[in-house]
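# Notes for the structure review
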Amino acid sequence: MKILIVGASGLVGSNCLKYLSEKGNECIGTYFSYAAKNTVFFDTLNLDNPNNFDIDTFQPEVIIHCGALTHVDYCEQNEEESYKYSIVSTENVIQLAKKFSSKIVFISTDYIFDGENGPYDEQAIAHPISVYGRHKWKAEQLVNNSHLDNLVLRITNVYGDEERGKNFVARIIDQAIHGQHLTLKLPIDQYATPINAADIARALYLLLENQKTGIYNIASTDYMNRVQLALRILKYFPDATYDLLPLSTSDINPPAARPLQGGLKSSKFLNEFPDFVFSTVDEYVQNKVSS
Ligand SMILES: NC(=O)c1ccc[n+]([C@@H]2O[C@H](COP(=O)([O-])OP(=O)(O)OC[C@H]3O[C@@H](n4cnc5c(N)ncnc54)[C@H](OP(=O)(O)O)[C@@H]3O)[C@@H](O)[C@H]2O)c1
């Protein structure tokens, strides 16, 4: 398959680029502000940017849209920018997919829910409580209503290998490995289902190979809050020194509301792919410690 991965300098996109290429697909991955290894420039906000990679000559059969502004609090305080990065960018990617009759894959989130009663399945009613969540939900609907062959993957709390090592799990591991003292002030009441980006790529490969369409939750069996997640990592670093202050979300009072009992159930995906085994945070950290 010829696959264009928009946002391949980021966590999810880079893992998709690596895995789908390894599986023998012809992949092009794009960056916007950070020129990661093996990526080409593409701006989803300006399809006429003369520096954009020439998609016309590539003619993708699949476009995976990982481009986004993912800083939830920043989105809350910069609503117009969030609108552009989530909604306008998705409209533009839909336009591209229509031009090339490509399948479109959109990456969504459990932030489309209010966090009253997660983890959520695919039938749960969306009720976003933040600007980021509302914009992702709107973008998801645009993809659903596009009449394109489409897949929506809902994910949350992603960790894993990425060039910039910016995700929560990778940062804690990095500091612990380098013997740095950690000061962590973390919410104890935000529950979700952390997932390795490499698992998202493996799951997406199966969905594409089997011509699946529609919404799929991709979530591991881990269900934990941020404090539990940090402690789960730190238990593999007995010499690590840290101050960990558990706080309630109301004490932290972030600009954007958070779904507290969030997370996703991937029973639909697992019913269709019963041999698939999601990895765990423990496995990821163990691997890092032993490598
Ligand atoms: N990480 C999570 O926990 C999580 C949870 C739920 C859903 N998601 C969704 O998963 C998707 C990928 O997230 P991620 O964690 O991989 O985020 P990320 O690491 O921040 O990557 C975002 C990507 O979007 C690119 N991008 C930003 N603006 C762009 C533009 N105007 N044109 C083209 N590309 C642009 C970035 O490029 P540069 O970095 O080069 O600027 C980067 O490659 C997003 O849709 C996000 O909403 C993520």
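Residue numbers restart at each chain and count upward from 1, following the sequence in its written direction. Under the rules for a predicted model, residues below a pLDDT of 70 receive no local features and side-chain atom pairs below 80 are neither given nor counted, while totals for whole chains, interfaces and linings still include all residues. Hydrogens and water are ignored here; the side-chain numbers use all heavy atoms of the structure.

### Points about the overall build of the chain
- What counts as a helix is a DSSP run of H or I of at least four residues, what counts as a strand is a run of E of at least two, and both are numbered from the N terminus. On a plain count of helices and strands, the chain comes out with 11 helices and 13 strands.
- Restricting the calculation to C-alpha atoms gives the radius of gyration, and the globule rule supplies 2.2 Å times the number of residues raised to the power 0.38. Scaling as 2.2 N^0.38, a compact globule of 291 residues should have a C-alpha radius of gyration of about 19 Å, and the chain matches this with 19 Å.
- Taking all 291 residues of the chain together, 54% fall into the buried category.
- The contact criterion used is simple: two residues touch if any of their non-hydrogen atoms lie within 4.5 Å. Taking contacts inside the chain between residues at least 6 apart in sequence as the whole, the part at least 24 apart equals 78%.
- Shrake-Rupley sampling with a 1.4 Å probe provides the accessible areas, and residues are treated as covered by the protein chains on show and by no other component. When the accessible surface of the chain is totalled, it reaches about 13300 Å², and 47% of it is carbon and sulfur.
- Charged side chains in the chain number 25 positive and 35 negative. The centres of these two groups are separated by 2 Å. Relative accessibility decides the category of a residue: with a 1.4 Å probe and only protein chains considered, values under 20% of the type maximum give buried, values over 50% give exposed, and everything between is partly exposed. In this tally Asp and Glu are treated as negative and Lys and Arg as positive; neither His nor the chain ends contributes. Charge positions are represented by NZ for Lys, CZ for Arg, CG for Asp and CD for Glu.

### Overview of the side chain of Asp-43
- The residue Asp-43 is located in the loop between β3 (39–41) and α2 (55–58) in this model.
- Residues in contact with Asp-43, not counting those within four places in the same chain, are Phe-32, Asn-49 and Asn-52.

### Quick notes on the pattern of salt bridges
- In the sections that follow, a salt bridge refers to a side-chain nitrogen of Lys or Arg positioned within 4 Å of a carboxyl oxygen of Asp or Glu. The full count for this structure, using the stated rule, is 12 salt bridges.
- When the shortest N-O distance is used, the salt bridge between Arg-258 and Asp-73 registers 2.9 Å. Placement of Arg-258 in the loop between α9 (249–252) and α10 (267–272) and of Asp-73 in helix α3 (residues 72–77) is noted, with a sequence separation of 185 residues between them.
- Here Asp-73 falls in the buried class, since its relative accessible area comes to 15%.
- Three or more residues joined by partner-sharing salt bridges are found here, namely Asp-222, Arg-232, Lys-235 and Asp-282.

### Observations concerning the packing of helix α1 (residues 11–22) against helix α7 (residues 197–209)
- Axis angles are defined between N-to-C directions and span 0 to 180 degrees, where every axis is a line fitted to C-alpha atoms and, for a helix, only to the segment in contact. Viewed as axis vectors pointing N to C, α1 and α7 meet at an angle of 50°, and their least axial separation amounts to 8 Å. By the angle between their directions, the pair α1 and α7 is classed as oblique. Classified by chirality, the crossing of α7 by α1 is right-handed. Here Leu-11, Val-12, Asn-15, Cys-16, Tyr-19 and Leu-20 of α1 come into contact with α7, specifically with Ala-197, Ala-198, Ile-200, Ala-201, Arg-202, Leu-204 and Tyr-205. Roughly parallel means an angle under 35 degrees; roughly antiparallel means over 145; roughly perpendicular covers 65 to 115; every other angle is labelled oblique. Each crossing gets its hand from how the near helix is turned against the far one by less than a right angle, where anticlockwise is left-handed and clockwise is right-handed.

### Examining the domain arrangement of the chain
- Residue ranges for the domains trace back to a domain assignment, done automatically or taken from a database. Along its sequence, the chain is carved into domain 1 (2–159 + 195–217) and domain 2 (168–191 + 223–261 + 280–290).
- The gap between the C-alpha centroids of domain 1 and domain 2 is 26 Å.
- With 19 residues of domain 1 at the contact, the number on the domain 2 side is 15 residues.
- Counting the surface lost from both domain 1 and domain 2, the interface buries some 1400 Å², and carbon and sulfur atoms represent 56% of this.
- Our count for the contact surface shared by domain 1 and domain 2 stands at one salt bridge.
- Side-chain atoms alone can form a polar contact between residues adjacent in sequence; in general such a contact is a pair of N or O atoms within 3.5 Å, and within protein one must be able to donate a hydrogen while the other accepts it. Taken together, the links from domain 1 to domain 2 amount to six residue pairs in polar contact (both at pLDDT 80 or more).
- Here the side of domain 1 that touches domain 2 takes four residues from α3, the largest share from any one element.
- Residues of the side of domain 1 that touches domain 2, tallied by class, amount to seven nonpolar, seven polar and five charged. Put simply, buried area is the surface a 1.4 Å probe can reach on two separate parts but cannot reach once they are joined, added for both. Residue polarity follows a fixed list, in which Ala, Val, Leu, Ile, Met, Phe, Trp, Tyr, Cys and Pro are nonpolar, Asp, Glu, Lys and Arg are charged, and the others, Gly among them, are polar.

### Concerning the site of the ligand
- Taken together, 30 residues surround the ligand, and among them Ser-9, Ser-33, Tyr-132, Lys-136 and Lys-166 come closest.
- Measuring from a nitrogen atom of the ligand, one finds a backbone N or O atom of Thr-44 at 2.9 Å.
- Interatomic distance of 3.5 Å between a backbone N/O atom of Asn-157 and an oxygen atom of the ligand.
- In the complex, 90% of the free accessible area of the ligand, which totals 900 Å², lies under the protein chains.
- Counting only elements with at least two residues in the shell around the ligand, the list comes to α1, β5 (103–109) and α5 (131–144).
- A per-element tally of the shell around the ligand places β5 first, with three residues. Any residue with a heavy atom positioned within 4 Å of a molecule or strand is treated as near that molecule or strand.

### Things to note about unusual backbone geometry
- With an omega dihedral of 0°, the bond running from Gly-118 to Pro-119 counts as a cis peptide bond.
- Tracing the chain through its elements places Pro-119 in the loop between β5 and α5.
- Backbone geometry places Asn-157, a non-glycine residue, at a positive phi of 50°.
- Within the secondary structure layout, Asn-157 lies in the loop between β6 (150–155) and β7 (158–159).
- With a relative accessible area of 22%, Asn-157 lands in the partly exposed category.
- Despite not being glycine, Asn-253 has its phi angle at roughly 50°, a positive value.
- For Asn-253, the position within the fold is in the loop between α9 and α10.

### What to know about the nonpolar core
- Nine residue types can take part in a nonpolar core, namely buried Ala, Val, Leu, Ile, Met, Phe, Trp, Tyr and Cys, and a core is a set of them joined through side-chain atoms within 4.5 Å. Judged by nonpolar contacts, the single largest core of 30 residues is most densely connected at Ile-5, Ile-64, Val-105, Leu-153, Ile-218 and Phe-269.
- Considering each element in turn, this core owes the most residues, seven residues, to α7.
- In this view, Ile-5 contacts Gly-13, Cys-16, Leu-17, Leu-20, Cys-27, Ile-28, Gly-29, Thr-30, Ile-64 and Cys-66; residues no more than four positions away in its chain are not counted.
- Core analysis: the next-biggest nonpolar cluster, separate from the first, contains 21 residues, Tyr-159, Ile-172, Met-224 and Ile-233 among them.

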